[in-house]
Each structure stands twice: as structure tokens, then as C-alpha cells.
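# Summary of the model geometry
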Amino acid sequence: MNEFLFIVVPYVCLTIFVVGHVWRYRYDKFGWTTRSSQLYENRLLRIGSPLFHFGMLGVVGGHVIGLLVPQSWTEAVGISDRGYHVVAVTGGLIAGVAALAGMMILIYRRRTVGPVFSVTTVMDKVMYAFLAVVIVLGMWNTIAGSIMTIGGEYNYREGVSVWYRSFLAFQPDASLMARAPLGFQLHALFAFGLFALWPFTRLVHVFSAPIGYLTRPYIVYRSRDEQLGSHRPRRGWDRISQ
């Protein structure tokens, strides 16, 4: 069962994530959009969207450091284990609360503003549910995991983080996740479930960076010439001589 949950399921979800994006881009380019609803309501969007997006940037940054950077590296540069977890808890909670608050505002807006609710798909509703569970479990694990690490009960940087790096190296060790607390296991499974849903929701807009703006030519403005060539410009209602 451990091999199925922590080896088979993650790789299946990752395959759906990659193949699903390729399929969506090839066969649904016009649907590759956030379905922007700013025209319908702007007040709540101006509050919820920055909170959610900046909070998620902090969440992603924290996961990159926590999962991909080995504990030996941070210790080598002079960061103690206690100092690392103090920063992790503080930064993780701030980012998590911001992302969760922003998402709640956006969900409230989507549910109470008629035109916005009408363009919300079933897959988007499922995505919001998975995303909320992932964020809440992540915040819980940030607090509980740091307390357990400092108390010597469980160090996720020597368990979950090692499993994740082994997973990316295609040499997964399911026993590492099997020994992790239930909160970490559920967080990982729901996160991979979210990755499987990703290509079929509005989350695809994450990969739509406006790179073309960096290379587009300048718009040249010039005054209209009073005389074009050697002929007097005719009026629009003049008859054309044959």
C-alpha cells in the first residue's frame, strides 16, 4: 500500500499534469485562460487577488527551500536547525494566512457575484476544494512539524524532503513517507491530486507569461502628410474618372 500511495499515485498524477497540459494547449488554446471576471466586480478582486498570489509565491518559495535544500547545506552556511524552523514557521504562517485569506475572498466573490458564479466550472470548484485542503494542511504541518523537529520526535527535512528529492530523481523510497505523520502524508497526496487537476482548470494561466511583450516593436506615431506624392488627395465622395 505504501508503494501504491507514495510511488504509483504521485507518478500517475505527474504524468496527468504533463500530458494534460500538452493536450490542453493543442486542443483547447482558446480555453487556456483565467476567464477573467474583472469587468463584473473589481472591489473584492483588488483585495483578494494580491493576497492570494503573493501568499502563494511565499508558499512556493518555502517549499522550494524546505524540500530541495538539504539540511546539511543550511547547516554548512551557519544556519542552526532552531533558527531555520523559526524562520520557516514565521514565513510559512504569514504566506499561508495571506494565501488562504485571499482565496476565501475570491471564493466569496465568486459565489455571491452572479455573473462570476455563472462562469465557474465544476472543475474549478473541485480545484478550490483541493487547494484549500492543501494550504490548511501545509500550515498545520509547518507548525506541528517544527514543534516535533525541535522536540526530537520527527524531522521532516530528513524524511519528507528526502523522499521528495528521491521522487524527482526517479528513485523513490516509499518507506520515508510511510514513517511520516499523517498530516504530511495527506498534504502530499492532496498536493499531487491538485497537480492532476491543474491542466483542466483555470490554473493553466500560471504558464502563460506575456514574454512577447519583451520583444514586440515600439508603436511609431507620425503626423499625417498634407500632400501624398504629386497628386492632390481626392475627397471620399469624388467620383473616380474612368
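Residues numbered from 1 in each chain as written. Predicted model: local features only at pLDDT ≥ 70, side-chain atom pairs only at ≥ 80, totals over all residues. Heavy atoms only, no water.

Per an unreviewed UniProt entry, the chain goes by Nitrate reductase-like protein NarX and derives from Actinoplanes derwentensis. Annotation of the chain in UniProt includes, under Subcellular location (unreviewed entry), the sentence "Cell membrane". (UniProt positions renumbered as here; feature names shortened; annotations may be inferred.)

### Description of the nonpolar core
Tyr-154, Tyr-156, Val-160, Trp-163, Met-177 and Phe-184 are the most contacted members of the largest nonpolar core, which totals 18 residues. Among the elements of the structure, helix H1 (2-27), helix H7 (160-168), helix H8 (174-178) and helix H9 (182-197) are those that each provide at least two residues to this core. Broken down by element, the residue count for this core peaks at four residues, all from H9. Membership of the second largest hydrophobic core comes to 15 residues, among which are Met-103, Leu-106, Tyr-128 and Leu-194. (Core = buried A, V, L, I, M, F, W, Y, C linked by side-chain atoms within 4.5 Å. Buried < 20%, exposed > 50% of the residue type's maximum accessible area, 1.4 Å probe, protein only. Helix = DSSP H or I, 4+ residues; strand = E, 2+ residues; numbered from the N terminus.)

### Quick look at the UniProt feature "binding site: heme b 1" (unreviewed entry) in the chain
Here the UniProt-annotated "binding site: heme b 1" (unreviewed entry) positions come out as His-53, His-63 and His-205. Structurally, His-53 can be placed in helix H2 (residues 43-68). We classify His-53 as partly exposed; its relative accessible area is 39%. A polar contact of 2.8 Å, which involves the side chain of His-53, links it to the backbone oxygen of Ser-49. Topologically, His-205 is positioned in the loop between H9 and helix H10 (212-215). For His-205, a relative accessible area of 28% gives the class partly exposed. (Polar contact = N/O pair within 3.5 Å; in protein donor to acceptor, adjacent residues only side chain to side chain.)

### Quick look at the packing of H1 against H9
Between H1 and H9, the least distance of the axes is 7 Å, while the angle of their chain directions is 25 degrees. In this view, H1 runs roughly parallel relative to H9, as classed from their interaxial angle. You can see that H1 and H9 cross each other, and the crossing is left-handed. Contact residues: Leu-5, Phe-6, Val-9, Pro-10, Cys-13, Ile-16 and Phe-17 in H1; Gln-185, Leu-189, Phe-192, Gly-193, Phe-195 and Ala-196 in H9. Residues of the contact of H1 with H9, tallied by class, amount to 11 nonpolar, two polar and no charged. (Axes fitted to C-alpha atoms, helices over the stretch in contact; angles between N-to-C directions. Parallel < 35°, antiparallel > 145°, perpendicular 65-115°, else oblique. Left-handed = near helix turned anticlockwise from the far one by under 90°. Contact = heavy atoms within 4.5 Å. Nonpolar A, V, L, I, M, F, W, Y, C, P; charged D, E, K, R; others polar.)

### Some words on the side chain of Thr-201
With respect to the secondary-structure elements, Thr-201 resides in the loop between H9 and H10. Those residues in contact with Thr-201 that sit more than four places away from it in its chain are Arg-24, Met-123, Asp-124 and Met-127.

### A few points about the UniProt feature "binding site: heme b 2" (unreviewed entry) in the chain
Within this structure's numbering, the places UniProt gives as "binding site: heme b 2" (unreviewed entry) are His-187. His-187 gets classed as buried once you look at its relative accessible area, which sits at 14%. In this structure His-187 touches His-63, Val-134, Leu-137, Gly-138 and Asn-141, once residues within four positions along its chain are discounted.

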